[in-house]
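Single-letter residue listing:
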Amino acid sequence: ASYPFAVFFNVPYTESLFLLGAVGAFYHFHHAQWIRASLWGLVVGLSRPNGALVSVALAALAIEQIVRAMRANDQPAVVQAWLRPAAVRMVVAAMPGLGMLLFTAYLYWLTGVWMAWARMHGAWGRSWGTEPLSRGWEWLTSEGLLAVFQGVPFDTLNTLAILFGLVMIWSVFRRLGPAYAIFVVVNLVPPIFAGGALSMGRITST
């Protein structure tokens, strides 16, 4: 609540719904409540397209749980006994991706355009690649740090949010484990390559 960009949880953006769905999916995944975890996973994927990437973090959490359980009991039968639980975990982990596909199909039904959400992102100046990063670097090297701060203050704030998120990856990894560090990475890195500093404050709020 004290994060400056938490203001976006109080406006009609996807951040609050995405965060609610992600917390619900992870919480119920930890407690092996698969139906509830699946439903929250669908909410994540339906809330915004890059919510599909949460499937990667949930799959990492599934692998963590499986490895931990197999190390706790090294009997040969354990591998076979964990095949079904592993499959269940992976199906649940796939729910955010399924939610995104359902949303994509809905937009196609509505507009007749596949991946219509990608076109909407393009309208905001987002384009996948290194161009947003190279443009920012060019501003910095040609105009200087102070001029950039004064000329594009919003981009400066968003860049500070990116740096904060990058620095926190190691701390999250040490305190919460690989799955949560992956959650940060998959929600942080793709938007950087799609729009540079654009909207990164609200993206890092989650």
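Structure report, in brief. (Residues numbered from 1 in each chain as written. Predicted model: local features only at pLDDT ≥ 70, side-chain atom pairs only at ≥ 80, totals over all residues. Heavy atoms only, no water.)

### Overview of the overall build of the protein chain
We count it as follows: Helix and strand definitions follow DSSP, with helices as H or I runs of at least four residues and strands as E runs of at least two, each counted in order from the N terminus. Contact criterion: two residues are considered in contact whenever any of their non-hydrogen atoms come within 4.5 Å of each other. The Shrake-Rupley method, run with a 1.4 Å probe sphere, supplies the accessible areas, and residue values consider only the shown protein chains as cover.
Across its full length, the protein chain carries 12 helices and zero strands. In the protein chain, the order of α-helices and β-strands from amino to carboxyl end is α-α-α-α-α-α-α-α-α-α-α-α. Across the protein chain, contacts joining residues at least 24 apart in sequence account for 70% of those joining residues at least 6 apart. When the accessible area of the protein chain is evaluated, it comes to approximately 12300 Å², of which 70% is carbon and sulfur surface.

### Here we look at helix α3 (residues 54-72)
Since the α-helix packs 3.6 residues into each turn, any two residues three or four apart lie on the same face. Applied cut-off: Each helix should span, by expectation, one fewer than its residue count multiplied by 1.5 Å. When accessible area is computed with a 1.4 Å probe and restricted to protein chains, residues below 20% of their type maximum are described as buried, those above 50% as exposed, and intermediate ones as partly exposed.
Between its first and last C-alpha atoms α3 spans 27 Å; for 19 residues at 1.5 Å apiece the expected length is 27 Å, and the two agree. Taken residue by residue, α3 has Val54, Ser55, Ala57, Leu58, Ala59, Ala60, Leu61, Ala62, Glu64, Gln65 and Ile66 as its buried positions. At its buried positions, α3 is contacted by α1 (15-30), α2 (34-47), α5 (83-93), α6 (95-111) and α11 (178-195).

### What to know about the side chain of serine 205
How we decide: Pairs of N or O atoms are called polar contacts if they sit within 3.5 Å, as long as, within protein, a hydrogen donor faces a hydrogen acceptor (for residues adjacent in sequence, only side-chain-to-side-chain pairs).
Along the chain, serine 205 falls in the segment after α12 (200-204). A distance of 2.4 Å separates a polar side-chain atom of serine 205 from the backbone oxygen of arginine 202. Aside from chain neighbours lying at most four places away, what touches serine 205 is Tyr3, Phe5, Phe9 and Glu15.

### Side note on the packing of α1 against α2
How we decide: Here, axes are lines fitted to C-alpha atoms. For helices the fit covers the stretch in contact, and angles between N-to-C directions go from 0 to 180 degrees. Small angles under 35 degrees read as roughly parallel and large ones over 145 as roughly antiparallel, with 65 to 115 read as roughly perpendicular and the rest as oblique. Should the near helix be turned counterclockwise from the far one by less than a right angle, the crossing is left-handed, whereas a clockwise turn marks it as right-handed. Only Asp, Glu, Lys and Arg are considered charged in this grouping, and only Ala, Val, Leu, Ile, Met, Phe, Trp, Tyr, Cys and Pro are considered nonpolar; every other residue, Gly among them, is considered polar.
The interhelical angle for the contact between α1 and α2, taken along N-to-C directions, is 155 degrees, at an axis separation of 8 Å. Of the possible angle classes, the one that applies to α1 and α2 is roughly antiparallel. Judged by the sense of rotation from one axis to the other, the crossing of α1 with α2 is left-handed. Residues Leu17, Phe18, Leu20, Gly21, Ala22, Gly24, Ala25, His28 and Phe29 of α1 form the contact with α2, whose own contacting residues are Trp34, Arg36, Ala37, Trp40, Gly41, Val43, Val44 and Ser47. Along the lines of polarity and charge, the residues of the contact of α1 with α2 split into 11 nonpolar, five polar and one charged.

### As for the nonpolar core
The cut-off we apply is this: Note on terminology: a nonpolar core comprises buried Ala, Val, Leu, Ile, Met, Phe, Trp, Tyr and Cys residues joined through side-chain atoms within 4.5 Å.
Ranked by size, the top nonpolar core spans 18 residues in total, and within it Phe26, Phe29, Val54, Leu58 and Phe183 carry the most contacts. Elements that contribute at least two residues to this core include exactly α1, α2, α3, α5 and α11. For this core, the element with the most residues is α3, which contributes seven residues. Dropping the residues within four chain positions of it, phenylalanine 29 is found in contact with Trp34, Ala37, Leu58, Leu61, Ala62, Gln65, Arg89, Val92 and Ala93. Residues Ile162, Ala181, Val184 and Ile203 belong to the second largest nonpolar core, which totals 10 residues.

### Quick look at unusual backbone geometry
Unlike most non-glycine residues, alanine 32 shows phi in positive territory, near 55 degrees. By the secondary structure assignment, alanine 32 is in the loop between α1 and α2. One non-glycine residue, methionine 115, lies in the positive phi region at around 55 degrees. Within the secondary structure, methionine 115 is located in the loop between α6 and α7 (116-123).

### Considering the pattern of salt bridges
Proximity of charged atoms lets side chains of opposite charge pair with each other. Applied cut-off: Any carboxyl oxygen of Asp or Glu within 4 Å of a side-chain nitrogen of Lys or Arg constitutes a salt bridge here.
One pass over the full model with this rule turns up three salt bridges. A salt bridge links glutamate 15 to arginine 48; its shortest N-O distance comes to 2.5 Å. Of this pair, glutamate 15 sits in helix α1 while arginine 48 sits in the loop between α2 and α3, and the two are 33 residues apart along the sequence. Classification of glutamate 15 by relative accessible area gives buried; the value is 0%. Taking relative accessible area as the criterion, arginine 48 reaches 7% and is therefore assigned buried. Residues glutamate 64 and arginine 68 are paired through a salt bridge, measuring 3.6 Å at the closest nitrogen-oxygen approach. On the criterion of helical spacing, the pair formed by glutamate 64 and arginine 68 is a turn pair, its members being four residues apart in helix α3. Several salt bridges share partner residues, and in doing so they unite Glu15, Arg48 and Arg202 into one network.

### Considerations on the packing of aromatic side chains
Inclusion rule: Pairing of aromatic side chains here covers Phe, Tyr and the six-membered ring of Trp, requires ring centres within 6.5 Å, and sorts the geometry by plane angle: under 30 degrees stacked, over 60 edge-to-face, intermediate tilted. Counted as over-ring charges are cases with an Arg CZ or a Lys NZ within 6 Å of the ring centre that also lie within 35 degrees of the ring normal.
This model, assessed by the stated rule, comprises 10 aromatic pairs. Ring geometry for phenylalanine 29 against tryptophan 34: centres 5.1 Å apart, planes inclined by 80 degrees, an arrangement best described as edge-to-face. One aromatic cluster is present, built from ring pairs that chain together Phe18, Phe26, Tyr180 and Phe183. Its end group placed over the ring of phenylalanine 18, arginine 48 keeps NZ or CZ at 4.1 Å from the ring centre.

Read these as spatial facts, not as claims about activity.
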